[in-house]
Structures are given as structure tokens and as C-alpha cells.
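Spelled out, the chains give:
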Amino acid sequence: MEVDVLVAEIGSTTTLVNAFKGLGTPCPEFVGQGLAPTTVLQGDVTVGLEGAVKDLEKRLGKAVKWKRMMATSSAAGGLKMTVHGLVYDMTAKAAKEAALGAGAVLHMMTAGFLSQSDLEKIRKIKPNIILLAGGVDYGEKKTVIENARKIAEHCPDIPVIYAGNVAAREEVAEIFSGKNRVFFVENVYPRIDELNVEPARRVIQQVFEEHIVVAPGMEKIRTMVDGPIVPTPGAVMMAALLLKEDIGDLIVVDVGGATTDVHSVTEGSEEINRILIAPEPAAKRTVEGDLGVYVNRYNVVEVLGFEEARKKFGDNLSHALEVQPPVPKNQDEVWLAEFLTEIAAVTAVNRHAGGIKHLYGPTGRYTVAEGKDLTGVKWIIGTGGALTRLPGGRRILEKIRSKTTGKKLLPGEDARVLIDRDYIMASTGVLSKEYPDDAIKLLKKSLRINDVRTD
């Protein structure tokens, strides 16, 4: 069988390949999926890729040839970044939003002048990229220039993306000359209360693609992958952005073994935007590093408290947690996985969502909003292994909807749930770089969107 594109998703433990044919026709088709253990740590990622292709061929019962191979990756440590701005709630936060939205693993965030201990931490982290911001355009530039000097002196050779005050560009370029490769993009915080994170996101992914092909264990990836390579969370965001243009405001929840990601694409309601105390990006990603249904299963239980969790799950909770495998095989293991997934999903979305606060001033009580407004979300989408493979995925996501007009800015009762049945959301994200029309058709098929009214 010949297919048009294979998309590999190279995870820290598992590598998937998704096969697609009929691209460029009215009916693009998802052919099938194969998987195998990731072999980055063994020194050659292509061994795992070849294993995933063999698994695909076994499932299809025939040999597979492809015209192109694209990839997403969270292996080799993912996209490790540090971000540095001027004021925590302004330029530093904007830089953070750009990094996370691009699919980065954020290891450090600072505001103000970098200290000696900050520089030592950066050296220990060995980030793939440093994102340097600071100052609105034509505003304060002393801090970002001084931070550029310190990075050039103490962290040479690490690529730097400069997304700060445009008035400091020439001086920053001179500082990094001959020491760090520097990429200049538009300011992530060009004016007070204005975020501009998309240009930085695009360049972050470009630099990631250049880096990943020389990462340990990934050096041979270009012997098989001849198309784009995107950080896996960044690919999910790309798919979410594409889908939002077609069906409206949405959130995507991905519960994994170690972390839980939430992506939201919504401008929020006019009512909430009028009282918002700080700007929020239209597309936002948060990562909950303590919420995972296997590696961090004990942390998930502690969200409720062990005794409360035992009351809800049963007296055998301790033993069940101890013997739980990465992939549940029997009904008892499925029940525990669903129990953990529900806690992780609900908690992660509550952390992602903003809220309403009542404050008191000289004129009396007044109301403000802080954080991401999800009240206008029409769709709640589940992707990732847990929510797409567990039978209770839809029921779990329905728990996210708010039944009251409380202080949290959560999706309302009318928000509808969709599941990425084919588990191809990240793949369609990277596919959209060259085949956007096909990507949206394939994703909507996986979500069974045509079976749901969208009016």
C-alpha cells in the first residue's frame, strides 16, 4: 500500500506513526496507526520509528510505502526553554505564553536583572533556546541590554530569540555577535496591556526543528523524516487554532502519564474582557507537571487527599495504585485510570481557567476578572492516550462544564464534548503546515464532528 504521508509522533516512551492517503482530494483518509517503544535513549530514534512502521504494516496486513514523512517530538527532553523578561506580570508572562504555546517545556522564568545564581541555573538546565524579552517598544531598555550581556558572557552558543523592546535591537545584536545565534522577532509585549505572542511562537518552532536533528539519539532522524518536525504540544495547538476557525471557541485537554496539558483558543466574552485586569492570549497552553495518571498518580490522588479519594474509589486504593500499569488491561485497572483521569482533567482545567474577584476601594466594592475566560467555549475536546482510549472519556470531560455562574470562568453547560477517536490531533497539526484543508477534514472525521450539530 502506498500512502501520501506518514506522521511520526516521537514521545519520551512511545513512538506512533499515523498514515494518511488521499491528500489533495475531496476525501482524505486516515489509514491506520502503528506504535513501538521510542529508542532515543538507545542512541538511534530511527529504530523505534522502523518498529512503529512494522507495527502499522502488521495491523494493516500489508507493506506500506510513503511519499513523505513528517514528525512531532517530545523526546530527547522535548523543547527545553528558559524565558526572561522585565516585569513578571507583563513581558515575562508574555514570553512564557509564547514559549508554552509553541510546545516548550519551560524550565525557568525570571523577571528583572539576571543574577549570578540565575545564570548558573541556566547553565545547568542547558536549554535548547533562551527567550529574551523586556520593555514595551521604545520604553525601558537598560534591563534587557544588561541581561543580553550576561547571557552572552555566561551562556554562549545557546540560541537566543529576542522578543523585547525594538529600540534595543541593534545593541543586542552587537552584544551577541560571535557568541550566540540570535533571532529577532516582534516584541511579545509591544504596548501596555497588549500581547503579541504568535511571531515568537513561529520562530521558536523553527529553531526547535533545527536543534532536534542534532539532539542525542535524534541525529539520524532526517534519514527517515523529510518533512517538518514540530514539538508535539505545539502541533496540538496548531490543530486547535485550525479547528477554532472552523467550529468556534474550544479547549483541548490531554491527560498523559506524567503531565496534563490544556489548550484553549477563545477571545473570551466582552463582559469579562471589560473587567480583565491583565491581557490574556487568545491561544493559551498550560502544563500541569504534577498531574499524570501513571508517573504522577500519587500526586493526582493527593489533589483530593488520600482519605477522600479512598472514600470515592474504595478501600483497595493503596494496592490498586501500587500495581497500576502504564496501560490498563483489566476492568479494575480501567476504573482506576478513569478515576485518576477525571481528577487530573477537572483540576487542570480549573487551574487553566481564570476567575472573578470582588475588591474594595474608596467607592465601595467593585468586580475584576483575572486569567483566562473560558465562558465562551463551545467545544471541549479530549485527546491523548487516556481520554481517547478509556471508555469513560466523554463522561470525564462533561464534568468540566460549569453548572453555576460561580467565581471560576469555566465553560457553560451548553459546551459540547468531542473525542479525538483516531488519536491524530498532533499529527493533523503538523500536517496543516502543508495540507491545511486535508488536516481539518481529517481532524473533524476523528472528532465525529459531522455527527454533531454545530449551530
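Higher on the page you've got the structure.
Residues numbered from 1 in each chain as written. Predicted model: local features only at pLDDT ≥ 70, side-chain atom pairs only at ≥ 80, totals over all residues. Heavy atoms only, no water.

A. Structural view of the nonpolar core. Counting residues in each nonpolar core, the largest one holds 50 residues, and the members touching the most others are Met-81, Leu-131, Ile-161, Ile-204, Met-218, Ile-221 and Ile-229. Top element by residues in this core is helix H6 (residues 198–212). It accounts for 6 residues. Setting aside its immediate chain neighbours within four residues, Ile-221 contacts Ile-10, Val-45, Thr-46, Val-213 and Ile-229. Core analysis: the second largest hydrophobic core is formed by 36 residues, Val-301, Ile-343, Ile-396 and Ala-415 among them. (Core = buried A, V, L, I, M, F, W, Y, C linked by side-chain atoms within 4.5 Å. Buried < 20%, exposed > 50% of the residue type's maximum accessible area, 1.4 Å probe, protein only. Helix = DSSP H or I, 4+ residues; strand = E, 2+ residues; numbered from the N terminus. Contact = heavy atoms within 4.5 Å.)

B. Representation of the sheet that holds strand S11 (residues 250–255) within the structure. The 5 strands are arranged S13-S12-S11-S16-S17 in an open sheet whose pairing can be described as mixed. The open sheet has two free edges, formed respectively by strand S13 (283–288) and strand S17 (416–419), since each of these has just one partner strand. Sheet twist, expressed as the average angle between the axes of neighbouring strands with direction ignored, equals 15 degrees. In terms of strand pairing, strand S16 (residues 379–383) meets S17 through 4 bridges, oriented parallel. Note on S17: the bridge partner recorded for Trp-379 is Arg-416. (Pairing = 2+ DSSP bridges. Axes fitted to C-alpha atoms, helices over the stretch in contact; angles between N-to-C directions.)

C. Representation of the environment of Ile-419 in the model. Inspection of the secondary structure puts Ile-419 in strand S17. Along the primary structure Ile-419 and Leu-447 are separated by 28 residues, whereas in three dimensions their C-alpha atoms are 5.4 Å apart. When near neighbours in sequence (up to four residues on either side) are disregarded, Ile-419 contacts Gly-382, Leu-387, Thr-388, Gly-393, Arg-394, Leu-397, Ser-446 and Leu-447.

D. View of the side chain of Ser-73. Relative to the assigned elements, Ser-73 resides in strand S4 (residues 65–73). From its side chain, Ser-73 meets the backbone nitrogen of Ala-75 in a polar contact 3.2 Å long. Leave out the neighbours within four places in its chain, and Ser-73 touches Ile-10, Phe-208, Ile-212, Met-218, Val-230, Pro-231 and Thr-232. (Polar contact = N/O pair within 3.5 Å; in protein donor to acceptor, adjacent residues only side chain to side chain.)

E. Focus on the layout of surface pockets. Approximately 420 Å³ is the volume attributed to the second largest pocket. Elements supplying a minimum of two residues to the lining of the second largest pocket: helix H2 (88–101), S13 and helix H12 (331–352). By residue number, the principal contributor to the lining of the second largest pocket is H2, which donates 6 residues. By residue class, the composition of the lining of the second largest pocket is 6 nonpolar, 5 polar and 11 charged. (1 Å grid on protein atoms, 1.4 Å probe; cavity = no way out; pocket = protein on both sides within 12 Å on 5 of 7 lines; lining within 4 Å. Points joined across faces, edges and corners; volume = space filled by probe spheres on them. Nonpolar A, V, L, I, M, F, W, Y, C, P; charged D, E, K, R; others polar.)

What is shown is where atoms sit, not what they do.
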